[in-house]
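Summary of structural features
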Amino acid sequence: MELRHLRYFVAVAEAGSLTVAAGRKLHTSQPSLSRQIRDLEDEVGAQLLTRGARGIELTAAGRAFLDHARLVLSQVEAAADAAHGIAHPAKPCFVMGFLTGHELTWMPEALQILRDELPNIDVMISSQYSPQLANALSKGKVDAAFLRRERGVPDLKFHLLVKEPLVVILPNDHRLAALKAISPRDLVGETFVGVSDTAPVLRVVIDDYLKRSGTNITPDHVADHLAMGMSLVASTRGVGLLPAYAQNFLASSLTSRPLKGDTPTIDLVLGYKKLNKSPILKLLLSRLDELIARVSKKAH
């Protein structure tokens, strides 16, 4: 499987037409594009696209594959940008890390806070799992990161940004979707999608919540990241518990419901290395209350 296969597939899925994708987006011939899609389906071992009355439509497998393909391409682009930025450092560089999925909310406001300094610095963005961000902070590869309150990193300092409530993610037509709010007992007997060790803090929060609720649920599947969690919930017609920010990325076939009673929360924090003397970091920290207020106002 090559990156061009993923680019071609995403282009066709977004255009809804082989002809449009071939001519306007990819500048290739339709027969060549069709052949590339067939090669990709052969590699995956599943049909990803079908021809419908309204053009190209994604199969269930195709919808699941699309999320992952987009994530891979975005990570490749980020890697290329990172390599280019390091190879050609024209200005002092400030690296901000984001727990994947939180860029949408926090990055524009953080950059607005730093706007007066942006002409004088290069800001690089790193999107990773929270444990990887903590490790990058410790090694000095990232200056400030929006992440979870990871343990075992005494050289880091964390400032609370927001307590995110957990919500239930489930298919639109799931029987529990008829409820306004869902209790832990409602989840018993359902196919449950948990989270893997790539999100240890979230995993502990979910496990502790279910234990406090007296609910014994063993995950049928575990997801490494947000897109995988969404795909597993959709494909297994199961349910999962995720922080509320996941609602920004729901597929059209999924919905969310709040939890009844004492809703569990997970902290999103700004982390940095205690010994980091970056003046840009100092500026960001001095205006942290403003940053939190800006994001809160935007959310409401």
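Residues numbered from 1 in each chain as written. Predicted model: local features only at pLDDT ≥ 70, side-chain atom pairs only at ≥ 80, totals over all residues. Heavy atoms only, no water.

As for the overall build of the protein
What the protein contains, in helices and strands, is 10 helices and 11 strands. Relative to the 2.2 N^0.38 estimate, which gives 19 Å for 300 residues, the radius of gyration of the protein is 21 Å and therefore close to what a compact globule would have. For the protein, buried positions account for 42% of its 300 residues. The contacts in the protein between residues at least 6 apart in sequence include a share of 73% that link residues at least 24 apart. Looking at the protein as shown, the accessible area adds up to about 15,700 Å², and 52% of this sits on carbon and sulfur atoms. Both charge centroids of the protein, one from 36 positive and one from 31 negative side chains, sit 4 Å from each other. (Helix = DSSP H or I, 4+ residues; strand = E, 2+ residues; numbered from the N terminus. Rg over C-alpha atoms; globule rule 2.2 N^0.38 Å. Buried < 20%, exposed > 50% of the residue type's maximum accessible area, 1.4 Å probe, protein only. Contact = heavy atoms within 4.5 Å. Areas by Shrake-Rupley, 256 points an atom, 1.4 Å probe, with all protein chains shown as cover. Lys, Arg positive; Asp, Glu negative; His and termini not counted. Charge placed at Lys NZ, Arg CZ, Asp CG, Glu CD.)

Some remarks on the nonpolar core
With 33 residues, the main nonpolar core has Val168, Leu187, Phe192, Ile206 and Leu241 as its most contacted residues. Those elements giving two or more residues to this core turn out to be strand S6 (156–171), strand S7 (192–195), helix H7 (200–212), helix H8 (226–236) and strand S9 (239–243). Ignoring sequence-local partners within four residues, the contact set of Leu187 consists of Val168, Leu176, Ile182, Phe192, Ile217, Val239 and Leu241. (Core = buried A, V, L, I, M, F, W, Y, C linked by side-chain atoms within 4.5 Å.)

Regarding the pairing of strand S11 (residues 265–273)
Of all 9 residues in S11, 7 are buried; the element is thus mostly enclosed. As defined by bridge partners, strand S5 (residues 144–147) adjoins S11 across 3 bridges and the pair is classed as antiparallel. By the bridge assignment for S11, Ala145 is matched with Gly271. (Pairing = 2+ DSSP bridges.)

Some points on helix H1 (residues 3–15)
Compared with an ideal rise of 1.5 Å per residue, which puts 13 residues at 18 Å, H1 spans 18 Å between its outermost C-alpha atoms and is within 8% of the ideal. All of the buried residues in H1 are His5, Leu6, Tyr8, Phe9, Val10, Ala11 and Val12. One or two residues past the end of H1 sits Gly16, with phi positive at roughly 70°. (Expected span 1.5 Å × (residues − 1).)

Things to note about the pairing of strand S4 (residues 122–128)
For strand S3 (residues 93–99) and S4, the ladder comprises 7 bridges, and the chain directions are parallel. What sits directly across from Leu99, in S4, is Gln128. Remark: the S3/helix H5 (residues 103–113)/S4 crossover connection has right-handed handedness. (Right-handed = clockwise from strand over helix to strand, strands pointing away.)

Some thoughts on the packing of H1 against helix H4 (residues 60–87)
Helix packing for two helices is described by the angle between their axes and how far apart those axes are. One can describe the packing of H1 onto H4 by two numbers: an axis separation of 9 Å at closest approach and a directional angle of 125°. By the angle between their axes, H1 is oblique relative to H4. The way H1 lies across H4 gives a crossing that is left-handed. In contact with Leu3, Leu6, Arg7, Phe9, Val10, Ala13 and Glu14 of H1, H4 contributes Gly62, Phe65, Leu66, Ala69, Arg70, Val72, Leu73 and Val76. (Axes fitted to C-alpha atoms, helices over the stretch in contact; angles between N-to-C directions. Parallel < 35°, antiparallel > 145°, perpendicular 65-115°, else oblique. Left-handed = near helix turned anticlockwise from the far one by under 90°.)

A look at the packing of aromatic side chains
Under the definition given, this model contains 4 aromatic pairs. Here the aromatic rings of Phe9 and Phe65 are separated by 5.3 Å at their centres, their planes lie at 75°, and the arrangement is edge-to-face. Here Phe65 lies in helix H4 and Phe9 lies in helix H1, a separation of 56 residues in the sequence. Both residues of the pair, Phe9 and Phe65, belong to the buried class. (Phe/Tyr/Trp six-rings, centres within 6.5 Å; stacked < 30°, edge-to-face > 60°.)

Some thoughts on the pattern of salt bridges
Think of it this way: side chains of opposite charge can pair up when their charged atoms draw near. Per the stated rule, a full pass over the model turns up 11 salt bridges. Here Arg70 makes a salt bridge to Glu14, at a shortest N to O gap of 3.4 Å. Of this pair, Arg70 sits in helix H4 while Glu14 sits in helix H1, and the two are 56 residues apart along the sequence. One salt bridge in this structure joins Arg294 and Glu109, with 2.9 Å as the shortest N-O distance. (Salt bridge = Lys/Arg side-chain N within 4 Å of Asp/Glu carboxyl O.)

Quick notes on the environment of Lys260
Relative to the helices and strands, Lys260 resides in the loop between strand S10 (254–258) and S11. When the C-alpha positions of Lys260 and Gly140 are compared, they lie 42 Å apart, and in sequence the two are 120 residues distant. Setting aside residues no more than four positions away along its own chain, Lys260 makes contact with Ala181, Ile182, Ser183 and Tyr209.

What to know about unusual backbone geometry
Residues other than glycine seldom take positive phi values, yet Arg237 does so here, at roughly 55°. Relative to the elements of secondary structure, Arg237 occurs in the loop between H8 and S9. Its relative accessible area of 40% is what places Arg237 among the partly exposed residues.

Such coordinate-based values are descriptive only and should not be taken to indicate function.
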